[in-house]
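The primary structure of each chain is shown beneath.
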Amino acid sequence: MSPGGRPVLISLPSLLLPLKKLLLKERSPCIALQASRAAADARGRAGHQSAAASNLTGLSLQEAQQILNVSKLNPEEIQKNYQHLFKVNDKSVGGSFYLQSKVVRAKERLDEELRIRAQEDRGKEPQT
């Protein structure tokens, strides 16, 4: 009831719209996970390892590359950018612990991807 004693009418669509938005938002990670699995299937075992690494670190390969500002998986460039970003985000120099932790997670994700790719390359070498 409203303050004037009149009943307040709420339409059903106005109640359902926020619920619909919430459900769609909750399904988005499922869609992303399905896409990740499809890409992993296309790459075979290494793809599944890469998808598992993304799930463990909470970052996709692309997100990790964006955080460390690298376009290719070059270990020297990754290390250089990591050291710089880690230093400038140090709390003792006025940086953000949150951002510094994102930099660390991105480095871990890229290091894991480098390890997976090196392992994949060793598996492709002809056996003698």
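Criteria and thresholds
Residues numbered from 1 in each chain as written. Predicted model: local features only at pLDDT ≥ 70, side-chain atom pairs only at ≥ 80, totals over all residues. Heavy atoms only, no water. UniProt positions renumbered as here; feature names shortened; annotations may be inferred. Helix = DSSP H or I, 4+ residues; strand = E, 2+ residues; numbered from the N terminus. Buried < 20%, exposed > 50% of the residue type's maximum accessible area, 1.4 Å probe, protein only. Core = buried A, V, L, I, M, F, W, Y, C linked by side-chain atoms within 4.5 Å. Contact = heavy atoms within 4.5 Å. Phe/Tyr/Trp six-rings, centres within 6.5 Å; stacked < 30°, edge-to-face > 60°. Lys NZ or Arg CZ within 6 Å of the ring centre and 35° of its normal. Salt bridge = Lys/Arg side-chain N within 4 Å of Asp/Glu carboxyl O.

Looking at an unreviewed UniProt entry, one finds the chain named Mitochondrial import inner membrane translocase subunit TIM16 isoform X1, with Erinaceus europaeus as its source organism. According to UniProt, the comment filed for the chain under the heading Subcellular location (unreviewed entry) is "Mitochondrion inner membrane". The annotation that UniProt attaches to the chain under Sequence similarities (unreviewed entry) is "Belongs to the TIM16/PAM16 family."

**Regarding the environment of Leu59**
Secondary-structure assignment places Leu59 in the loop between α2 (45–57) and α3 (61–68). By relative accessible area, Leu59 is classed as buried at 4%. Residues Leu59 and Arg105, spaced 46 residues apart in sequence, show a C-alpha to C-alpha distance of 7.6 Å.

**A word on the nonpolar core**
Membership of the largest hydrophobic core is limited to 12 residues, which are Leu59, Leu61, Ala64, Leu68, Val70, Leu73, Ile78, Tyr82, Leu85, Val103, Ala106 and Leu110. At the level of elements, α3, α4 (75–88) and α5 (97–124) are the ones that each hand at least two residues to this core. When residues no more than four places from it in sequence are discounted, the contact partners of Val103 are Ile67, Leu68, Tyr82, Leu85, Phe86 and Asn89.

**Things to note about the packing of aromatic side chains**
By convention here, two paired aromatic rings are described through the distance between centres and the angle between planes. In the structure shown here, the tally under the stated rule is 1 aromatic pair. For the ring pair Tyr82 and Phe86, a centre distance of 5.6 Å and an interplane angle of 40 degrees mean the geometry is tilted. Of the two residues, Tyr82 and Phe86 are both situated in helix α4; the distance of 4 residues between them amounts to about one turn of the helix. Using a relative accessible area of 18% as the deciding quantity, one classes Tyr82 as buried. Positioned above the aromatic ring of Tyr82 is the side chain of Lys107, whose terminal nitrogen or guanidinium carbon lies 5.5 Å from the ring centre.

**Some remarks on the pattern of salt bridges**
This structure, assessed with the given rule, holds 5 salt bridges. Here Arg109 ties to Glu113 by a salt bridge, and the two come within 3.0 Å at their closest N and O atoms. In this pair, Arg109 and Glu113 both sit in helix α5, 4 residues apart, roughly one turn of the helix. For the salt bridge of Arg115 with Glu112, the shortest nitrogen-to-oxygen distance reads 2.5 Å. Here the residue Arg115 and the residue Glu112 both occupy positions in helix α5, the gap between them amounting to 3 residues, near one helical turn. With a relative accessible area of 41%, Arg115 lands in the partly exposed category.

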